[in-house]
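Close look at the chain arrangement
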Amino acid sequence: MQSLAIPIDQLEATALKVREHIIKMSTDGGCFVGASLSAADLIVYLYSEFLNINPNNLDDPDRDYLFLSKGHDVPALYGTFAELGLLERDRLKNHLALNDHIYWHPNTHIPGIEFHSGSLGHLPSVAIGVAMDIKIRGGKNKVICIMGDGELNEGTCWEAALVANAHKLDNLIFVIDRNHFQANMPTEELIPLEPLTDKFEAFGAAVKRIDGHNFEALHEAFSAFPFETGKLNVVIADTVRGKGLPSIERRADRWFCNFNAEEVASLLKELHGEHLTNLTSETLVVR
Amino acid sequence: MTYEELLTQTALADDRFIVMTAENRALVRNIPGKLGNRFIDTGITEQTMIGAAAGLALRGRIPVVHALASFLTMRAFEFVRTDAGIPNLPVKLSSFIPGFLSDGNGPTHQAVEDISLMRGIPNMTVFAPADEQDLVMMLPEIWKHPHPSYVRINTRKTDYQHRPFKLGKAEVISKGEDVTILTYGLLFEQAMIAVEILKNEGLSVGLINLRSLKPVDEQAILEATRESTLTITLEDHFVTGGLYSIVAEVLLKHCQTAKVIPMALKDKWFKPSLLPNVLEHEGFTGKQIAEKILGYNTNAYQPEISIPQFSE
């Protein structure tokens, strides 16, 4: 395994900046903060280290592809784009503005977004189509589809796993942001997913399960790509919903957040370990 | 030329074409051996097939996808709308056994709202050929067009020699002052029979094969309804959202009124049986259509209706 091209402290610094962007987008209408924070490290890792995607190759048929199927964590993606030069930082201020296209789900008006999402369970199949074409052409591109764990309730995710297995798409990686929550409650209390590794293995995939906030673990897992010849690759990244903000971590009522200005200012300090935030804005009602 | 011959020839000549199926191989039996890895069977997964077709189209391919009409349009509806419709990708839907052609299968397989569903998707185009010759004439234009398309596949044979197809244009078979029948797809062959009977009864009868339902030939509809005392919309589709609705929309848009009677399925599925029995039971044989228009019975001869070969 090659060591990380970018030192860990630099990846961590980028991830911290991405989290700042997420927090700044969580006001004036709000966004899906918890899911964005759980996916931030793995998205930063993938674009910084693993994927051949940069501002100059977005139309190159030999580039790698990343599909964000869970969609509502797009602030993590836009934050990463801003830090890696794919998107002007200033545009993040246009969140929910009519004169731009930065809203709660990804769309192809933003350079670097390969496909729109929002309806769960769609992009595994779109990614399959791209991976199939790359196979037909004998290409070497990697194709990643990031799914949420709640998204795995959708039958089409499993249909896609069956088809990817049948077509031996070892150029395709399903990455599961396993933050253990779906919208309103822990996954295991609503639609239990465990044992998740066994499930994907039973579908014919080669699976790695790692700590999705640990850059060394991410690097070790992705460096082993393709995990097994002829098998769909699956990475289950165990993460924490709301990671980086202890005052909202693992809180069912802090799925979608629309913070006020004082809360945002305080959360930005909390991110840097200064104190916990006294949240006063409305929470989601969880019954 | 058959559908399969045309598709094979097209795909062999242009490697952008990918032939896909959700294990509905009736129309593409010999294609796997000819196209190799450009033939993709995703199994019984209409949704995944459409998503994958969108992914292939993203990479510059033109996927021609096959499934039974009801599953292609209803099971996979959101995938068609969201993955092909929103990005306006050239995903080409070939829908097998639409309308009455599902004959003995039962209501699960009856796609009698497909036109309504598909034409409601922005960017989607919708076509319904009258017979195999019409189908084969239409497809090259449809496949060349850079938008998603939905085609009601109809491989039945009629004696009619169709004129070349132009996207968005209807085929005016005849013009009439008393009554004009507007129809598409399978029922064209019964409409031809009805027209003969009506002419023998002394009526001046028009017949239009719509071909392209979206975009639709507004001019042909406006002229027919203006020049004819009575207009009939004839379709193997629910009365809601199909040709009757299209005609109503066109007339309203152009501030024109007309006497239009729908012959369609009125808020119910049809009785499953072999096709000739279905048409007879539901009142859609040429003779029955003519007699409904006339308002009396005749001694006219109803030619035998061929039974489609079972193929799923």
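Since this is a predicted model, take the numbers as computed values, not measurements. (Residues numbered from 1 in each chain as written. Chains lettered and ligands numbered in written order. Predicted model: local features only at pLDDT ≥ 70, side-chain atom pairs only at ≥ 80, totals over all residues.)

1. Comments concerning the overall build of chain B
This is how the line gets drawn: Segments assigned H or I by DSSP are reported as helices when at least four residues long, segments assigned E as strands when at least two residues long, and all are numbered from the N terminus. It is over C-alpha atoms that the radius of gyration is taken, and the globule rule equals 2.2 Å times the number of residues to the power 0.38. To sort residues by exposure, count the other C-beta atoms lying within 10 Å of each residue's C-beta; 20 or more gives buried, 12 or fewer gives exposed, and values between give partly exposed, all with C-beta atoms placed from the backbone. Distance between backbone-placed C-beta atoms decides contact: two residues are in contact if it is within 7 Å.
Counting its regular elements, chain B contains 12 helices and 12 strands. In terms of overall dimensions, chain B is globule-like: its C-alpha atoms have a radius of gyration of 19 Å, near the 20 Å expected for 312 residues. Seen along its three principal axes, the alpha-carbon backbone of chain B occupies a region of about 60 × 40 × 35 Å. For chain B, the residues scored as buried account for 54% of the 312 residues in total. Here the analysis covers contacts within chain B between residues at least 6 apart in sequence; of these, 76% occur between residues at least 24 apart.

2. Concerning unusual backbone geometry
That bond from F225(A) to P226(A) is cis: its omega, -10°, falls within 30 degrees of zero. Here P226(A) lies in the loop between α8 (215-223) and β7 (233-238). For the bond running from K214(B) to P215(B), omega is 0°, close enough to zero to count as cis. Inspection of the secondary structure puts P215(B) in the loop between β10 (211-214) and α9 (218-227). Of note, H180(A) is a non-glycine position whose phi angle comes to about 70°, a positive value. Structurally, H180(A) can be placed in the loop between β3 (172-178) and β4 (181-182). The exposure class of H180(A) is partly exposed, given the 19 C-beta atoms found within 10 Å. The phi dihedral of C255(B) is positive, around 50°, even though this residue is not glycine.

3. Regarding the sheet that holds strand β12 (residues 260-265) of chain B
Residue and element names in this part refer to chain B. Threshold: DSSP-based pairing: two strands are paired if at least 2 bridges between them are found. Whenever a helix is involved, its axis is fitted only over the stretch in contact; in every case the axis is a line through C-alpha atoms, and angles between N-to-C directions fall within 0 to 180 degrees.
Strand order in the open sheet formed by 5 strands is β7-β9-β8-β11-β12, with mixed pairing between adjacent strands. If you trace the sheet from one side to the other, it starts and ends with β7 (171-174) and β12, each paired once. Strand-to-strand twist of the sheet, defined as the mean angle between neighbouring strand axes without regard to direction, takes the value 20°. For β7 and strand β9 (residues 205-209), the ladder comprises 3 bridges, and the chain directions are antiparallel. Note on β9: the bridge partner recorded for V172 is I208.

4. Details of the environment of E20(A)
Residues and elements named next belong to chain A. Assignment of secondary structure puts E20 in helix α1 (residues 8-24). We classify E20 as partly exposed; it has 17 C-beta atoms within 10 Å. Taking the C-alpha atoms as reference, E20 lies 13 Å from S38; in sequence the two are 18 residues apart. For E20, the residues in contact, after removing those within four places along its chain, are L268 and L271.

5. Re the interface of chain A and chain B
Using the following cut-off: Polarity classes work like this: nonpolar for Ala, Val, Leu, Ile, Met, Phe, Trp, Tyr, Cys and Pro, charged for Asp, Glu, Lys and Arg, and polar for all others, with Gly in that last group.
Counting from both sides, the interface comprises 20 residues of chain A and, opposite them, 23 residues of chain B. For the side of chain A that touches chain B, the secondary structure elements donating two or more residues are α4 (123-137) and α5 (155-166) of chain A. When residues in the side of chain A that touches chain B are grouped by element, the largest group, 9 residues, is from α4(A). Partitioned by chemical class, the residues of the side of chain A that touches chain B number 11 nonpolar, 7 polar and 2 charged.

6. Quick word on the sheet that holds strand β5 (residues 125-128) of chain B
All names here are of chain B. Across the sheet, 7 strands lie side by side as β2-β1-β3-β4-β6-β5-β10; this open sheet has mixed pairing. On the outer flanks of this sheet lie β2 (39-41) and β10, each paired with one strand and no other. On average, each strand axis in the sheet is inclined to that of its neighbour by 20°, with strand direction left out of account. Pairing between strand β3 (residues 62-68) and strand β4 (residues 92-96): 5 bridges, direction parallel. Following the sheet pairing, V65 is matched in β4 by L93.

7. Things to note about the packing of α9(B) against helix α10 (residues 243-253) of chain B
All names here are of chain B. To be explicit about the condition: Angles below 35 degrees are treated as roughly parallel, those above 145 as roughly antiparallel, those between 65 and 115 as roughly perpendicular, and all remaining angles as oblique.
It is the contact of α9 with α10, at a shortest axis distance of 10 Å, that shows an interaxial angle of 85°. One finds that α9 runs roughly perpendicular with respect to α10. In this structure, α9 contributes E218, I221, L222 and T225 to the contact, and α10 contributes V247, V250 and L251. Partitioned by chemical class, the residues of the contact of α9 with α10 number 5 nonpolar, 1 polar and 1 charged.

8. Remarks on the domain arrangement of chain B
Quoted interface sizes are often the accessible area lost when the parts come together. Residues and elements named next belong to chain B. Under the convention used in this document: Throughout, the edges of the domains are those of an automatic or database domain assignment.
What the domain assignment reports for chain B is domain 1 (3-152) and domain 2 (171-294). Spacing between the C-alpha centres of domain 1 and domain 2 amounts to 26 Å. Taken together, the 25 residues of domain 1 in the interface contact 27 residues of domain 2. When residues of the side of domain 1 that touches domain 2 are traced back to their parent elements, those giving at least two are α6 (114-119), β5 and α7 (132-144). At 4 residues, the largest contribution of residues to the side of domain 1 that touches domain 2 is made by β5. Taken together, the residues of the side of domain 1 that touches domain 2 break down into 12 nonpolar, 7 polar and 6 charged.

9. Observations concerning the pairing of strand β1 (residues 65-68) of chain A
All names here are of chain A. Neither face of β1 is exposed, since Y65 and F67 on one face and L66 and L68 on the opposite face are all buried. Here 4 bridges tie β1 to strand β2 (residues 143-148), and the two strands are oriented parallel to one another. Paired with L68 across the strands is I146, a residue of β2.

10. Observations regarding α10(B)
Residues lying three or four places apart along an α-helix face the same way, a consequence of the helix completing one turn every 3.6 residues. All names here are of chain B. Where we set the bar: This arc is built from the directions going out from the helix axis to the C-beta atoms.
Every buried residue of α10 is listed here: L243, Y244, I246 and V247. Buried residues of α10 fall within an arc of 160° about the axis and therefore sit on the same side. Residues L252 and K253 are exposed on α10 and point more than 90 degrees away from its buried face. In this structure, the buried side of α10 is in contact with β8 (179-183), β10, α9, β11 (230-238) and β12. Just beyond α10, the residue with positive phi is C255, at close to 50°.

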